[in-house]
Every structure is written in C-alpha cells, then in structure tokens.
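# Observations on chain architecture
Listed below, chain by chain, are the residues.
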Amino acid sequence: MDYLQINRVNSLNGKIKISGAKNASLPLIAMTILAKNSVKIKNLPHVADINTLLKLLSNLGAECDRKSNPEITTVDTSSLTQTKATYDIVKTMRASILVLGPILARFGHCEVSLPGGCAIGQRPIDLHLKALEQMGATIDIKAGYIVATAPDGLKGCQIIFDKITVTGTANIVMAAALANGNTTITNAAREPEVVQLCEILNNSGVKIDGIGTAVLTVHGTSGKLLDINEFSVIPDRIEAGTYLCVAAISKSELILTDVDAKHLGAVLSKLEEMGSTFTITDDTITIHPSDIIKPVKIVTQEYPGFPTDMQAQFLALSTQASGTSIIEERLFENRFMHVSELQRMGADISLNGHVATVNGGTKLSGTDVMATDLRASSALVLAGLIADGTTDVHRIYHLDRGYDSLEEKLQNVGADIVRLKE
Ligand code: UD1
C-alpha cells in the first residue's frame, strides 16, 4: 500500500493545472449508456473512481478506450448486453449507482448491488428508488441487489425529492431521458456537475427545461437512443478549492489554470473572509494569501452553498487561523473523521455533534496519520505541508479515488512530498 511522506517547506509557488471534475465525469460516463453512438470524452481525470466506472461498463460489455489517445476516452455502449452491476465493483465506489437509471431506461431491467455502508455516513439511496418507482419501475431487493424492472419502459411523472440529492438527480434525469412523456423533478440538485449532464443531454436530443434551477423538466424520447457529440468535462471545483487551501495555509501565491471560478463562489468568498484575495480570468485563479488567516464560520450546504466536499480542507486551514472558527456539517452525519487525526498533529478542535469548534493558531507537528475518506485525506496533506517535521499520510487509496496526480502537482510548485510503499 502507498503512503505520502510530506516535509514542511517555507513556501510554494507556481502553477497548478486543474483536472476534469470527477463528480461530473461519473454521471457523464454513465450517460453514454443512453447513446447509440460511440461517445468521445475529453478532460477525464486520471483517478481511480473513473477507472472503476469504466471497468464496470466494460464488464457489462461496453468498449472503453483510454489508451489509444491520452486526451480522449471513447466509450461505446452499443455492445453493452449485461444489466447487472456486481458487488465487487459497487463496494469500491458508491457512485456505481449512477448506472441504474440509464440501464433501466434502455433495457427495461437492471440489477445493482446495494452499496452498503460508507465511512462518512449512511448515504441511503431511497430517493433514487422511490423516483424510479414513480416512473413505473418495479423495485425489489433480492440477496443484496436492487432489482429494477420496467419492461414497457419508464413513464414521465412529477417527482419531488424530499432532500436535494446530486447523484439522485443525475440518475433520474438519465432515466427520464428515454422515458415516455415528460418528467418534472422538483428540488433538483443545481451542482455544476448536474448542469453539465443536463446541457449535454439537451444538446443530444433530450429537451430539458430549467437547467441550473431546482425544477427540471425532462422531455423523454420514448426509448429513442441519443446521438451524443464529443464533449469536455468541466474543471474539478473541489480539486481547485483544495489547492486554494494549500496556497492559503502555506501562505504561498499559486496560480490555478484550467479552472472555472464561477463554480467556486462559496469557496472563494470564505477564503476572502479569511484574508486571501484573488486575480481571476476566464480560466485561471491566482490566489494572494494573507499573512494572518482570519477565523471563519462555515455551514455546509447544497450548491450554491458551501460544499461539504471542502469542509475537511477548510477545517485544516482554520487550525492556523488567528481565532476560533465554527464549522457545521449539515449533509453527512459522520464527516469529521479527519478531526482526530488533526488532533494527533496538535490541532485544538472540539466536536459537538455536527459542529466543530477550531481554536486556531496551534503549531502542528508531523506524525503518522491515516486517511479515512477522500476529502479527509486532503485535509491531512494540507496539515502535513505546514507541520513541523515529517508527516506520513497512510491509506492514500482514498486520495487516489479523486485527486489526479496530487503529489506531482504539489512537487511542481515546490512541495516536499513523495509517494512511498508501506
Ligand atoms: C455527491 C457527491 C459527493 C458530495 C455529495 C454532496 C458524486 C459522485 N458525489 O454524493 O462528493 O459529497 O454529493 O454534495 O457526485 N440522501 C438520502 N437519500 C438518497 C440520496 C441521498 O437521504 O436517496 C441524503 C444523503 O444521505 C445526504 C444528502 O441526501 O445526507 C445528500 O446526498 P447526495 O447529494 O445524494 O450525495 P451523493 O450524490 O451520494
């Protein structure tokens, strides 16, 4: 197993190129199941979750090619015949559930292993299933699998999500794309990743009204498969936000390229409150960090609110603030596992339910720490960059799920970080 070894350096500088968004790529790859043609995708990040989903599709019979052209991945689902996503893959990535909507819509049958528990909370999928039932699907749970059938196709209907769900919205939009009639989804997720999925479908023969709003109406094609043109995945706003925190915590001026500042509103605004300023162009962000990091109050919310996927990184940053920060996690019940590791490095944090109180200004010391989930891992890297001595971050397979070439990108701006074998 790999681990990262990090030593403090005085400051970083240079450019970091932001990769395509993992959370946009996953539904976009699943979307290829709705296509009659072979789909060309540019700017897919090189992260484990993408390989997992491509493997899942290959196992079902699709032809996925990432090797012939490093810039373009081709996915051809015309040869896809299997409709069962098995446990061995689903257990490694919950987002595998994204194939349920499109496979059911296209084949009238789909089985997906129940994803099981998750480190950051229960993460049920009841809203996905309830919506598919409303669309006329029969859902049974048999031997750990969701068995969904709709032999006569799915039918459009009115869906009101009790909670805003990102992959739930994506799943139902994809199911509705081939349904008979119109589906209106109320309380839909407005994340940029959902917007890109809707825009591409809208350009591929599925009219979608309300893109970017909380009410989406998908005009189904009654089973007609789509002709999907080549597209490029939007930049990863969470990866970008993570490197902005790297700059802020190490008090280093960094330039992010291939990034879209419009997707980072809440993150930039919190960093501004903490003292950083920015120079922004169409596709770059230069962060000018302040010498004194001000404390902050953060509540995680759905987009366009402050993203839960940036909570751990801001918590690490606030350990270096000049006062007390309050960080409230509203989306997931168990998303503070980085706290005990940061405490081991010397951070002064107290947890009360879903609220963390961080007394800033403590000196962190390097030690062995363990990554527990994807974003918690990056919080430990942030802490390691400014801790005295050496920090070894173990179990970085979590990090590899979602960060493309993290150590190379950090090495390129001067960080002392290496990947080693246990
Ligand atoms: C997605 C992101 C993840 C991010 C999260 C919240 C992907 C691949 N992952 O996860 O990085 O942290 O959004 O922004 O895009 N819920 C239910 N029932 C459901 C579905 C969700 O109760 O059927 C609850 C969840 O437990 C959670 C909340 O709704 O409390 C939001 O979850 P959701 O938006 O579905 O998260 P994911 O789509 O899994």
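Residues numbered from 1 in each chain as written. Predicted model: local features only at pLDDT ≥ 70, side-chain atom pairs only at ≥ 80, totals over all residues. Heavy atoms only, no water.

### What to know about the overall build of the chain
The following threshold applies: The way it works is that DSSP assigns letters per residue, a run of H or I at least four long becomes a helix, a run of E at least two long becomes a strand, and they are numbered from the N terminus. The reference for a compact globule is 2.2 Å times residues^0.38; the radius of gyration itself is calculated from the C-alpha atoms. Remark: exposure states derive from per-residue accessible area (1.4 Å probe, protein chains only) relative to the maximum for the residue type, with buried under 20%, exposed over 50%, and partly exposed in between. By definition, residues are in contact when any of their heavy atoms lie within 4.5 Å. Note on areas: Shrake-Rupley with a 1.4 Å probe; residue coverage comes only from the protein chains shown. Under the convention used here, Asp and Glu are negative, Lys and Arg are positive, and both His and the chain ends fall outside the count. Lys charges are placed at NZ, Arg charges at CZ, Asp charges at CG and Glu charges at CD.
For the chain, the helix and strand inventory stands at 14 helices and 24 strands. Here the chain has a C-alpha radius of gyration of 21 Å; the compact-globule value for 422 residues is 22 Å, and the two agree. Here the C-alpha coordinates of the chain stretch approximately 65 × 45 × 40 Å along the principal axes. When the 422 residues of the chain are sorted by exposure, 57% land in the buried category. Long-range pairs, those at least 24 residues apart, make up 73% of the contacts in the chain between residues at least 6 apart in sequence. Accessible area for the chain stands at about 16,200 Å²; split by element, carbon and sulfur atoms hold 48% of it. Between the averaged position of the 38 positive side-chain charges in the chain and that of its 46 negative side-chain charges there is a distance of 2 Å.

### Comments concerning the sheet that holds strand β20 (residues 348-352)
Sheet strands line up and pair through hydrogen bonds in the backbone, either parallel or antiparallel. Short version of the rule: At least two DSSP bridges between two strands are required for those strands to pair. In this description, a line fitted to the C-alpha atoms serves as the axis of each element, helices being fitted only across the stretch in contact, and the angle between N-to-C directions of two axes falls anywhere from 0 to 180 degrees.
Spatially, the 4 strands line up as an open sheet ordered β18-β19-β21-β20, and their pairing is mixed. The sheet terminates laterally at β18 (297-299) and β20, the two strands that pair on one side only. This sheet shows a mean twist of 15 degrees between the axes of neighbouring strands, independent of strand direction.

### What to know about the side chain of Glu407
Which entries qualify depends on this criterion: Nitrogen and oxygen atoms within 3.5 Å of one another constitute a polar contact, given that in protein one can donate a hydrogen and the other can accept it, and given that sequence-neighbouring residues count only through two side-chain atoms.
The topology assignment puts Glu407 in helix α14 (residues 406-412). A polar contact is formed between the side chain of Glu407 and the side chain of Arg419, at a distance of 2.5 Å. Once you skip the residues sitting within four places of it in the chain, Glu407 turns out to touch Leu4, Ile417 and Arg419.

### Re the site of the ligand
Selection rule: Here a residue is near a molecule or strand as soon as one of its heavy atoms is found within 4 Å of it. Residues are grouped as follows: Ala, Val, Leu, Ile, Met, Phe, Trp, Tyr, Cys and Pro are nonpolar; Asp, Glu, Lys and Arg are charged; every other residue, Gly included, is polar.
Residues in close proximity to the ligand total 19 residues, the closest being Leu127, Thr165, Thr167, Asp309 and Leu331. One of the side-chain N or O atoms of Asn23 is found 3.0 Å from an oxygen atom in the ligand. Between Thr165 and the ligand, the recorded distance is 2.7 Å, taken from a side-chain N or O atom to an oxygen atom. Within the complex, the protein chains bury 88% of what would otherwise be the 740 Å² of accessible surface of the ligand. Broken down by element, the shell around the ligand gets its largest block of residues, 3 residues, from helix α5 (residues 126-134). Of the residues assigned to the shell around the ligand, the class counts are 9 nonpolar, 5 polar and 5 charged.

### Focus: the packing of helix α6 (residues 166-177) against helix α7 (residues 192-202)
Defined as follows: Angle categories: roughly parallel below 35 degrees, roughly antiparallel above 145, roughly perpendicular from 65 to 115, and oblique for all the rest.
Interaxial distance between α6 and α7 falls to 10 Å at its minimum, and their mutual angle equals 10 degrees. On the basis of the axis angle, α6 is roughly parallel to α7. Contacts between α6 and α7 involve Val166, Thr169, Ala170, Val173 and Met174 from the first element and Val194, Leu197, Cys198 and Leu201 from the second. Residues that form the contact of α6 with α7 fall into these classes: 8 nonpolar, 1 polar and no charged.

### Notes on the nonpolar core
In a soluble, globular protein the nonpolar side chains are often hidden away together inside. Selection criterion: What is meant by a nonpolar core is a set of buried Ala, Val, Leu, Ile, Met, Phe, Trp, Tyr and Cys residues, joined one to another through side-chain atoms within 4.5 Å.
Residues Met31 and Met135 are the most contacted members of the largest nonpolar core, which totals 78 residues. Among the elements that make up this core, the one with the highest residue count is α6 (7 residues). In this structure, Met31 is in contact with Met174, Leu197, Ile200, Leu201, Ile228 and Phe231, ignoring residues within four places of it in sequence. Grouped together as the second largest cluster of nonpolar side chains are 68 residues, Val246, Ile249, Ala347 and Leu382 included.

### Regarding helix α11 (residues 337-344)
Taken together, the buried positions of α11 are occupied by His338, Val339, Glu341 and Leu342. Buried residues along α11 sit against α10 (311-318), β20, β22 (368-370) and α12 (374-386). Among the residues trailing α11, Gly346 stands out with phi positive, at a value near 110 degrees.

### Quick look at the sheet that holds strand β16 (residues 277-280)
The mixed open sheet is built from 4 strands, whose spatial order is β2-β15-β17-β16. At either margin of the open sheet sits one strand with a lone partner, and together these are β2 (14-17) and β16. Averaged over all adjacent pairs, the angle separating strand axes in this sheet is 25 degrees, with direction ignored. Where β16 lies against strand β17 (residues 284-288), 4 bridges are found, and the strand directions are antiparallel. Counted as the bridge partner of Phe278 is Ile287 from β17. Relative to strand β15 (residues 254-257), helix α8 (residues 237-250) is tilted by about 170 degrees, and along the sheet it contacts β2, β15, β16 and β17.

### Comments concerning the state of the cysteines
Put simply, the rule reads: The disulfide criterion is simple: two cysteine sulfur atoms within 2.5 Å.
Under the definition given, this model contains 0 disulfides. Cys64 forms no disulfide, and the closest cysteine sulfur to it belongs to Cys110, at a distance of 16 Å. With relative accessibility at 25%, the residue Cys64 sits in the partly exposed group.

### Brief notes about the pattern of salt bridges
Applicable threshold: Put simply, a salt bridge is a Lys or Arg side-chain nitrogen that is within 4 Å of an Asp or Glu carboxyl oxygen.
Inspection of the entire model under this criterion finds 20 salt bridges. Of the charged contacts, one joins Arg419 and Glu407 as a salt bridge, the two residues approaching to 2.5 Å between their closest N and O atoms. Of this pair, Arg419 sits in strand β24 (residues 416-421) while Glu407 sits in helix α14, and the two are 12 residues apart along the sequence. Overall, Arg419 belongs to the partly exposed group, its relative accessible area being 30%.

### Topic: the environment of Ser377
Along the polypeptide, Ser377 turns up in helix α12. With relative accessibility at 0%, the residue Ser377 sits in the buried group. Between the C-alpha atoms of Ser377 and Leu399, which are 22 residues apart in sequence, the distance is 5.8 Å. The contacts of Ser377, once residues within four sequence positions are left out, are Ala371, His398 and Leu399.

### Some points on the pairing of strand β8 (residues 138-142)
As defined by bridge partners, β8 adjoins strand β9 (residues 145-149) across 5 bridges and the pair is classed as antiparallel. From the neighbouring strand, Asp140 faces β9, where its bridge partner is Val147. Taking the residues between adjacent antiparallel strands as the criterion, β8 and β9 are bridged by 2 residues, where Ala143 takes a positive phi near 45 degrees.

Functional significance is not addressed by these values, which are geometric in nature.
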